[in-house]
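Structural description and commentary
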Amino acid sequence: MTLHPEIAKFVAGLPVPPEGPLDPVAMRAGAEAHVPPLEERLPLHAVEDKTARTAAGEVPVRIYTPVEADSYGVLVYFHGGAFFLDSLETHDHVARSLAKETGLKVVSVGYRRAPETAFPAGLDDCYTVVRWAAEESESLAWDGTTLAIAGDSSGGTFVAAVAAKAHDDGFHRITHQVLYYPSLDLDFDVDRYASLRENAVGYGLETAGLKPFNAFYIDSGADPADPLVSPIKRADLTGLPPALILTGEHDPLRDEGELYGRRLREAGVAATVRRYEGAGHGFVQHFSWIPEYHRAFAETRDFLGRR
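Anyway, here's the lowdown on the structure attached to this text.

Rules of the game
- Residues numbered from 1 in each chain as written.
- Predicted model: local features only at pLDDT ≥ 70, side-chain atom pairs only at ≥ 80, totals over all residues.
- Heavy atoms only, no water.
- Phe/Tyr/Trp six-rings, centres within 6.5 Å; stacked < 30°, edge-to-face > 60°.
- Helix = DSSP H or I, 4+ residues; strand = E, 2+ residues; numbered from the N terminus.
- Buried < 20%, exposed > 50% of the residue type's maximum accessible area, 1.4 Å probe, protein only.
- Expected span 1.5 Å × (residues − 1).

Brief notes about the packing of aromatic side chains
Summed over all chains, the structure comprises 12 aromatic pairs. On the basis of an interplanar angle of 75 degrees and a centroid distance of 5.4 Å, the ring pair of Phe-83 and Phe-158 is categorised as edge-to-face. Here Phe-158 lies in helix H6 (residues 154-168) and Phe-83 lies in the loop between strand E3 (72-78) and helix H3 (92-102), a separation of 75 residues in the sequence. Since its relative accessible area comes to 1%, Phe-83 is described here as buried. Both rings, one in Phe-84 and one in Phe-213, keep their centres 6.0 Å apart while their planes meet at 50 degrees; by these two values the pair is tilted. Of this pair, Phe-84 sits in the loop between E3 and H3 while Phe-213 is found in helix H8 (residues 210-219), placing the two residues 129 residues apart along the sequence.

Here it is in structure tokens:
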């Protein structure tokens, strides 16, 4: 299938990237400029900014309560952005849609980003917020059942790494992991995956851009050979939580996500892998207004057993 026409129109209108090194401050400002005003966002029962006091320090979180109820399942969400870009604001619409569709209380994590902080600061923030959510069951009105983690792109990297850390630490309260077009292998040798060649140019995220976009993270001390940086390099995947992995047909990262799903199944982990046709990278963040891609939230709901 060719690229979805609405996505193709968007990609055709993208400006030519400026020459020279990336400017994280300017890029963040550009992303924040596209955040809609509060009155135009999906309404929920409550949205609250809070500080989670964790073993990694104080971490800003945004808590989304879909409806008034006595108790809730909880989903902890990690936004994408190549470990240096994006924020609670740029992914506010994703967290709202997850809360509305699943009925879960969503905790979105404002983790520390590269290049200002070194690896593993962001990962530690994500992991300790998950543990904080379990410990704060009374204030979050967690019902003690579903404790899911979800993330898109580099947020998907954190999902896989957090699931592994939790398993190794004997913290077995995570019930599900959801990875939207995850970045799972930060070794960007184009011969590693066919999708790096097939989807190299013309679909939004381009293969040549992977190294410079991830350079802030790698230069901060994230070693691509480390399974907490490239989760696909983890040798033993047994015992990890059930996984839902959504990939895009025209995403350079497609094949590593699908390979990870196969490896999970080979390790005895229940893993559902779904390829979204006509989609490139970022379709949940940027194109969930298109019905075919908004379906990702319903698929997440069904995977979590929240029918």
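With respect to helix H4 (residues 121-135)
Compared with the 21 Å implied by 1.5 Å per residue over 15 residues, the 21 Å span of H4 between its first and last C-alpha is a close match. Burial of H4 is extensive: 12 of the 15 residues sit out of reach of the surface. Within H4, the full set of buried residues consists of Ala-121, Gly-122, Leu-123, Asp-125, Cys-126, Tyr-127, Thr-128, Val-129, Val-130, Trp-132, Ala-133 and Ala-134.

Side note on H6
Here H6 is 15 residues long and its end C-alpha atoms lie 21 Å apart, about the 21 Å a rise of 1.5 Å per residue gives. Burial analysis of H6 places 13 of its 15 residues in the buried class, which makes it a mostly covered element. Gly-170 sits one or two residues past H6 and shows a positive phi near 75 degrees.

Considerations on unusual backbone geometry
Pro-115 follows Ala-114 through a cis peptide bond whose omega is 0 degrees. On the secondary structure map, Pro-115 appears in the loop between strand E4 (105-109) and H4. The linkage connecting Phe-119 with the following residue, Pro-120, adopts the cis geometry, with an omega of 10 degrees. Looking at where Pro-120 falls in the secondary structure, it is placed in the loop between E4 and H4. Here Phe-83, not a glycine, exhibits a phi torsion of approximately 70 degrees, which is positive. Phi angles above zero are rare outside glycine, and Ser-153 is one such case at about 55 degrees.

In short, shape yes, function no, at least from these values alone.
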